[in-house]
Amino acid sequence: MKRVLIVLALLLVGGIIVWATLGGGLQGTVEDRLEEEFVARGLPQPMAECLAGRMAERLSVTQLRKLERLQAEEGEADIPLSVVELLERIRRVDDPEVVEVAASSAAFCAFSGR
């Protein structure tokens, strides 16, 4: 009986790991949170959905956390008023990959009509 419980527990843990990594379970959650945050910050829903999908797929959780902590500095609006201002803020993360993904995603989503 004890062996059966151990095997079931291992199968459950293995299934969760497979779901989270290969099945996209965690990515979906991250993507949903990003999309909600973008919409809350004033982006149209289709643009927010496009950006969230691309960024969740291309950035690590650590990189996304860095972006999450970005705050407006003294004299800046709470929400960036232009793409240039947004990119300047993103550069503060000091991670070239984050800047590249954010800029390319914004361009892609803007020109794709999403």
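The structure contained in this document is the topic of the report that follows.

Analysis parameters
- In this convention, every chain numbers its residues from 1, walking through the sequence in written order.
- The predicted nature of this model means local features are confined to residues of pLDDT at least 70 and side-chain atom pairs, given and counted, to a pLDDT of 80 or more, with totals for whole chains, interfaces and linings taken over all residues.
- Side-chain descriptors were evaluated using all non-hydrogen atoms of the structure, hydrogens and water having been removed beforehand.
- When the sulfur atoms of two cysteines come within 2.5 Å, that pair is taken as a disulfide.
- In this description a helix means any DSSP run of H or I spanning at least four residues, a strand means any run of E spanning at least two, and both kinds are numbered starting from the N terminus.
- We call a residue buried when its accessible area falls under 20% of the maximum for its residue type, exposed when it is over 50%, and partly exposed in between, using a 1.4 Å probe and counting protein chains only.
- Only four residue types enter the tally: Lys and Arg on the positive side, Asp and Glu on the negative side; His and the chain ends are excluded.
- Salt bridge, as applied in this entry: a Lys or Arg side-chain nitrogen positioned within 4 Å of an Asp or Glu carboxyl oxygen.
- A contact between two residues is defined here by any heavy atoms of the two lying within 4.5 Å.
- We define a nonpolar core as any set of buried Ala, Val, Leu, Ile, Met, Phe, Trp, Tyr and Cys residues linked to one another through side-chain atoms lying within 4.5 Å.
- Paired rings are identified among Phe, Tyr and Trp, the last through its six-membered ring, by centres lying within 6.5 Å, and are further divided according to the angle between planes into stacked (under 30 degrees), edge-to-face (over 60) and tilted (the rest).
- Lysine NZ or arginine CZ positioned within 6 Å of the ring centre and within 35 degrees of the ring normal marks a charge as sitting over the ring.

### What about the state of the cysteines?
At step 1: Under the definition given, this model contains one disulfide.
At step 2: Between the sulfur atoms of Cys50 and its disulfide partner Cys109 the distance amounts to 2.0 Å. Here Cys50 and Cys109 share a disulfide; its torsion about the S-S bond, -85°, makes the bridge left-handed. Residue Cys50 is found in helix α3 (residues 45–58), and its partner Cys109 is found in helix α6 (residues 96–111); the two are separated by 59 residues along the sequence.

### Focus on unusual backbone geometry
For residues besides glycine, phi is generally negative; the peptide bonds are generally trans as well.
At step 1: The backbone phi angle of Asp94 is positive, close to 60°, even though this residue is not glycine.
At step 2: Inspection of the secondary structure puts Asp94 in the loop between α5 (83–91) and α6.
At step 3: Its relative accessible area of 68% is what places Asp94 among the exposed residues.

### Details of the side chain of Arg54
At step 1: Mapped onto the secondary structure, Arg54 falls in helix α3.
At step 2: It is Glu57 that comes nearest to the buried, bridge-free Arg54 among opposite-charge side chains, at 6.8 Å.
At step 3: In this structure, Arg54 is in contact with Ser104, Ser105, Phe108 and Cys109, ignoring residues within four places of it in sequence.

### Observations regarding the nonpolar core
General note: in soluble globular proteins, nonpolar side chains tend to be found buried as a group.
At step 1: The biggest cluster of nonpolar side chains holds 20 residues, and the ones touching the most others in it are Leu34, Phe38, Met55, Leu59, Leu67, Ile90 and Val98.
At step 2: Looking at this core, the elements with two or more residues in it are α2 (25–40), α3, α4 (61–68), α5 and α6.
At step 3: Considering each element in turn, this core owes the most residues, seven residues, to α3.

### Examining the packing of aromatic side chains
At step 1: Applying the stated criterion to the full structure yields zero aromatic pairs.
At step 2: Lying across the ring of Phe108, Arg54 places its NZ or CZ 4.3 Å from the centre.

### Description of the pattern of salt bridges
At step 1: All told, the structure shown has six salt bridges when counted by the stated rule.
At step 2: Notably, a salt bridge pairs Glu73 with Arg92, separated by 3.6 Å at the nearest N-O pair. Of this pair, Glu73 sits in the loop between α4 and α5 while Arg92 sits in the loop between α5 and α6, placing them 19 residues apart in sequence.
At step 3: Overall, the relative accessible area of 47% leaves Glu73 in the partly exposed class.
At step 4: Of the residues examined, Arg92 reaches a relative accessible area of 30% and is grouped as partly exposed.
At step 5: Between Glu76 and Arg89 there is a salt bridge, with the nearest N and O atoms lying 3.4 Å from each other. Of this pair, Glu76 sits in the loop between α4 and α5 while Arg89 sits in helix α5, and the two are 13 residues apart along the sequence.
At step 6: According to the relative accessible area criterion, Arg89 is buried, its value standing at 6%.
At step 7: Bridged by salt links that share partners, the residues Glu73, Glu76, Arg89 and Arg92 form one connected network.

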